[in-house]
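If you want the building blocks of each chain, they are given just below.
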Amino acid sequence: MLELADQLVAARLVLRNLTALDEEIARQRLIAERAPAVADAVSARRAAIEAIARDLEQQWVAQGPLVALWQRAVELAQLAEGSGADPAEYRADVEEARLRVEAERLATRETIERLCDEREALADDVLAAPFDLPLPPAVRDDGRPEAGRRDALGLIEVADAALAIAAEQRVHALERIESAQLERDGLGAGSDVESRIAELTAALPESIDLPASAPPSAGMRLQRAGVGVTATTPA
């Protein structure tokens, strides 16, 4: 009876291992199947973000002279004020330069809004992956093209990291599937194990009065197999 109980405990452990391996194989197959799609989606977002970064760089270059003129006009107005001269003419130049910069930055705002949309789409792609990927940072509320370009470059770095992780995850998943399948094959068919468990369970009683002469470990071994044990008190 003790031998049957030990066999039943061992068979149940095998069945638990089979179940765990099946779940692991299914999880790793999902990763291996989804990783290329995740990489494709991230690559598409990366290309769009890179194009936006180039647009922002061009705007930065184009707006540089206008910003310099604005700063120069401000400095001249401050000098005129400091020297006691009438700064009205310089203030008019400051206002004109400011308006020119702000007009150019309206287009920059639209470009940054596009960047925000791509960032949200990239975040959706990252969160939909069946494995952990870095979240893209938020785009700052800054209308300058140089600031938007820095944010775009930061998103590109995150996309590159996500692509590397997706490739690594797929390789690891394929390796884990192979090793888990080999381990599972060595445990036998689940249906055979279940049949053996049923056979052993039927061969064991639901409960037993354990004689005082039984080995010290008998009660524990029977209880692990699910057999109820009552110790017989010596006369």
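Our subject is the structure listed above.
The paragraphs below set out a description of the structure included in this document. (Residues numbered from 1 in each chain as written. Predicted model: local features only at pLDDT ≥ 70, side-chain atom pairs only at ≥ 80, totals over all residues. Heavy atoms only, no water.)

To continue, consider the overall build of the chain. The number of helices and strands found in the chain is five helices and two strands. Along the chain, from the amino end to the carboxyl end, the secondary structure elements read α-α-α-α-β-α-β. Put simply, the chain has 235 residues, and 31% of those count as buried. Nonlocal contacts in the chain, meaning residues at least 24 apart in sequence, comprise 73% of its contacts between residues at least 6 apart. (Helix = DSSP H or I, 4+ residues; strand = E, 2+ residues; numbered from the N terminus. Buried < 20%, exposed > 50% of the residue type's maximum accessible area, 1.4 Å probe, protein only. Contact = heavy atoms within 4.5 Å.)

Moving on, we get to helix α4 (residues 190-203). Relative to the 20 Å expected for 14 residues at 1.5 Å per residue, α4 spans 20 Å between its end C-alpha atoms, a close match to the ideal helical length. The set of residues buried in α4 consists of Gly190, Val193, Ile197 and Leu200. For α4, the buried positions fall inside an angular range of 90° around the axis, keeping them on one side. Opposite the buried face of α4, by more than 90 degrees, sit the exposed residues Asp192 and Ala202. (Expected span 1.5 Å × (residues − 1). Arc of directions from axis to C-beta.)

Summarising the element assignment, Thr111 is placed in helix α2 (residues 88-127). In this structure Thr111 touches Ile52, Asp55, Leu56 and Gln59, once residues within four positions along its chain are discounted.

Counting residues in each nonpolar core, the largest one holds 25 residues, and the members touching the most others are Val38, Val42, Ile49, Leu115, Phe131 and Leu133. Mapped by element, the contributors of at least two residues to this core are α1 (2-83), α2 and α3 (145-185). With nine residues, α1 is the largest single contributor of residues to this core. If near-sequence neighbours (up to four positions away) are discounted, Val42 is found in contact with Leu122, Asp125, Ala159, Ala162 and Leu163. With 14 residues, the next largest nonpolar core counts Ala5, Leu8, Val9 and Leu204 among its residues. (Core = buried A, V, L, I, M, F, W, Y, C linked by side-chain atoms within 4.5 Å.)

Direction of pairing for strand β1 (residues 207-210) relative to strand β2 (residues 228-231): parallel, over a ladder of four bridges. Bridge pairing links Ile208 to Val229 in β2. In the classification by handedness, the crossover that spans β1, the intervening helix α5 (residues 218-224) and the parallel β2 is right-handed. (Pairing = 2+ DSSP bridges. Right-handed = clockwise from strand over helix to strand, strands pointing away.)

This next bit is on the environment of Ala214. Tracing the backbone shows Ala214 in the loop between β1 and α5. Put simply, Ala214 and Ala231 are 17 residues apart on the chain and 9.5 Å apart in space, counted from C-alpha to C-alpha.

Attention now moves to the pattern of salt bridges. A complete count under the given rule lists 16 salt bridges for this structure. The closest approach of N and O atoms between Glu50 and Arg46, which form a salt bridge, is 3.2 Å. With Glu50 and Arg46 both in helix α1, this residue pair falls four residues apart, about one helical turn. Glu199 is the salt-bridge partner of Arg196, the closest N and O atoms lying 2.9 Å from each other. Of this pair, Arg196 and Glu199 both sit in helix α4, three residues apart, which is roughly one turn of that helix. Residue class for Arg196 comes out partly exposed when judged on its relative accessible area of 32%. Here Glu199 falls in the partly exposed class, since its relative accessible area comes to 48%. (Salt bridge = Lys/Arg side-chain N within 4 Å of Asp/Glu carboxyl O.)

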